[in-house]
Amino acid sequence: ATPRLSGAATDSLFRIEKAYTDSAVLANGRKDSLIVRVQLTDFTPSKDKAVLQGSMSLATSVNAPEGEYTLKVDFMDAKGGVVIAKETKVAVTAQRVGRFKVEAAGINIAAFRYSIAAP
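The sections below set out a description of the structure shown in this document. (Residues numbered from 1 in each chain as written. Predicted model: local features only at pLDDT ≥ 70, side-chain atom pairs only at ≥ 80, totals over all residues. Heavy atoms only, no water.)

What about the sheet that holds strand β1 (residues 36–45)?
Part 1: Taking strand neighbours across the sheet as the criterion, the three strands line up as β1-β2-β5 in an open arrangement whose pairing is antiparallel. With partners counted over all chains shown, the strands left at the sheet margins are β1 and β5 (98–105), one partner each. Across the sheet, the mean angle separating the axes of adjacent strands is 20° when strand polarity is ignored.
Part 2: Judged from the eight bridges that link them, strand β2 (residues 49–58) and β5 form a sheet pairing that is antiparallel. Residue pairing across strands places M56 opposite G98, the latter belonging to β5. (Pairing = 2+ DSSP bridges. Helix = DSSP H or I, 4+ residues; strand = E, 2+ residues; numbered from the N terminus. Axes fitted to C-alpha atoms, helices over the stretch in contact; angles between N-to-C directions.)

The structure is reproduced here in structure tokens:
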């Protein structure tokens, strides 16, 4: 005989499953509405510098403007403090993926965060 869950336990599990499904659907909707896709290919931190590389492409599901997008990168230490901020322009068109490489000289860079500004 298999153990049966009580009605309260079944209801709780259903609510948890619904919450996870709702979160996944919301996150997928946000992802699909982005105008630019960023693909990171390398983050190499070392004791005195860091390198971040990747590419940017226009989303096909929305009408994204072509042009030079500004990629702003904050390189951070292990505690989350910004060591140095860098900015680069990345040319992106419907037919061309823009590639970028951002190098930052700074002591003990451990992480990064980025933001994108449209042309």
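That shown, we press on.
What about the sheet that holds strand β6 (residues 111–117)?
Part 1: If you trace the three strands from one edge of the open sheet to the other, you get β4-β3-β6, paired in antiparallel fashion. Bordering the open sheet on either side are β4 (82–92) and β6, each of which pairs with just one other strand. Direction aside, neighbouring strands of the sheet carry axes that sit 20° apart on average.

As for the packing of aromatic side chains
Each aromatic ring pair is described using two quantities: the centre-to-centre distance and the angle formed by the ring planes.
Part 1: Taken as a whole, this structure holds one aromatic pair when the rule is applied.
Part 2: Ring centres of F43 and F112 lie 4.7 Å apart, and the angle between their planes is 55°; this geometry places the pair in the tilted category. Linking F43 in strand β1 with F112 in strand β6, this pair joins segments that are 69 residues apart in sequence. (Phe/Tyr/Trp six-rings, centres within 6.5 Å; stacked < 30°, edge-to-face > 60°.)

Comments concerning the nonpolar core
Part 1: Among the nonpolar cores identified, the biggest contains 16 residues, and M56, Y69, F75 and F100 are the most heavily contacted of them.
Part 2: Apart from the residues within four sequence positions on either side, F100 is in contact with V38, L40, L52, Q53, G54, S55, M56, L71, T88 and V90. (Core = buried A, V, L, I, M, F, W, Y, C linked by side-chain atoms within 4.5 Å. Buried < 20%, exposed > 50% of the residue type's maximum accessible area, 1.4 Å probe, protein only. Contact = heavy atoms within 4.5 Å.)

Some points on the pairing of β1
Part 1: Summarising the sheet, β1 and β2 pair through nine bridges and their orientation is antiparallel. Following the sheet pairing, T44 is matched in β2 by V51.
Part 2: Hairpin connection between β1 and β2: a loop of three residues separates the two successive antiparallel strands.

Quick word on the pattern of salt bridges
Part 1: Taken as a whole and judged by the stated rule, the model has four salt bridges.
Part 2: A salt bridge links D74 to R113; its shortest N-O distance comes to 3.1 Å. In this pair, D74 is assigned in strand β3 (residues 67–76) and R113 in strand β6, connecting sequence segments 39 residues apart.
Part 3: Ionic pairing is found between E103 and K101, a salt bridge with its closest N-O pair at 3.6 Å.
Part 4: Its relative accessible area of 49% is what places K101 among the partly exposed residues. (Salt bridge = Lys/Arg side-chain N within 4 Å of Asp/Glu carboxyl O.)

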